[in-house]
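For reference, the chains in residue letters:
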Amino acid sequence: MRRARVAVLALVLLGTGMAAAIPVPALTVSDGQRQYHLVLQDGATLAYSYRQSIYGVIVVEEFVRSGDLLELRRVVSDDIRSIEYFRWPTPISSDGRGYATKPPTTVVPELLIRITRSGEQRLRSGDREVELLERFGETIVRVTLGRPALLPSLIQGLTW
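Criteria and cut-off values
- Residues numbered from 1 in each chain as written.
- Predicted model: local features only at pLDDT ≥ 70, side-chain atom pairs only at ≥ 80, totals over all residues.
- Heavy atoms only, no water.
- Buried < 20%, exposed > 50% of the residue type's maximum accessible area, 1.4 Å probe, protein only.
- Helix = DSSP H or I, 4+ residues; strand = E, 2+ residues; numbered from the N terminus.
- Pairing = 2+ DSSP bridges.
- Contact = heavy atoms within 4.5 Å.
- 1 Å grid on protein atoms, 1.4 Å probe; cavity = no way out; pocket = protein on both sides within 12 Å on 5 of 7 lines; lining within 4 Å.
- Points joined across faces, edges and corners; volume = space filled by probe spheres on them.
- Nonpolar A, V, L, I, M, F, W, Y, C, P; charged D, E, K, R; others polar.

Caption draft 1: Structural view of the pairing of strand S10 (residues 122-125). Only one face of S10 is buried: it carries Leu123 and Ser125, and the other face, with Arg122 and Arg124, is open. Note that strand S3 (residues 45-51) and S10 share three bridges and pair antiparallel. Considered in S10, the bridge of tyrosine 48 is made with leucine 123. Direction of pairing for S10 relative to strand S11 (residues 128-131): antiparallel, over a ladder of four bridges. Bridge pairing links serine 125 to arginine 128 in S11.

Written as structure tokens, this is what we have:
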């Protein structure tokens, strides 16, 4: 009986250890000292919004995770000029509330963002949102994708 309990306990510990090592698709925002971690599954959308400095309007760049890359799929704004500013050859559409365009194919391994006091910069995925100035202050952050092990990610504050 005792051997059976030890065997079950060993299996549970082994299973827990293996579960802790399972890779999770995560997005990390870091300034080199502080980090923010978020689960970002393949095919999930990441929206980066900011106040565009020339026209003073909010622009939203919508990315989709594809493996360990971010693909820019759409750019949205209330002011058509902020979309035209990109000078892309793609059509701009209007839904009565704002303007949007599908940019030329753009796939990047990371985003490098300079956070400014007037930038109103945010990252959002699903119901999770982080206001970059509030969390990091005025600095430069790197937004990267990876597949870290579950347990260390949870310890570092991974959010679901």
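Past the structure itself, the notes keep going.
Caption draft 2: Inspection of the environment of valine 143 at higher detail. In this fold, valine 143 is placed in strand S12 (residues 140-146). Taking relative accessible area as the criterion, valine 143 reaches 1% and is therefore assigned buried. For valine 143 and valine 29, which are 114 residues apart along the polypeptide, the C-alpha to C-alpha distance reads 4.5 Å. Dropping the residues within four chain positions of it, valine 143 is found in contact with Leu27, Thr28, Val29, Leu46, Pro109, Glu110, Leu111, Ile113 and Leu123.

Caption draft 3: Here's a closer look at the layout of surface pockets. By volume, the largest pocket amounts to about 190 Å³. Val76, Ser77, Asp95, Gly98 and Tyr99 are, among the 13 residues lining the largest pocket, the residues nearest its centre. Of all elements in the fold, only strand S4 (58-66), strand S5 (69-77), strand S6 (92-94) and strand S7 (99-101) reach the threshold of two or more residues within the lining of the largest pocket. Considering each element in turn, the lining of the largest pocket owes the most residues, three residues, to S5. Looking at side-chain class alone, the lining of the largest pocket contains five nonpolar, four polar and four charged residues.

Caption draft 4: Layout of empty space enclosed by the protein. Using the criterion set out here, one finds one cavity of 30 Å³ or more in the structure. Taken as a whole, the largest cavity spans an internal volume of roughly 30 Å³. Along its surface, the largest cavity is lined by Leu27, Val29, Tyr36, Leu38, Leu123, Arg124, Arg128, Glu129 and Val130. Of all elements in the fold, only strand S1 (26-30), strand S2 (35-39), S10 and S11 reach the threshold of two or more residues within the lining of the largest cavity. With three residues, the top contributor of residues to the lining of the largest cavity is S11. Considering only residue class, the lining of the largest cavity consists of six nonpolar, no polar and three charged.

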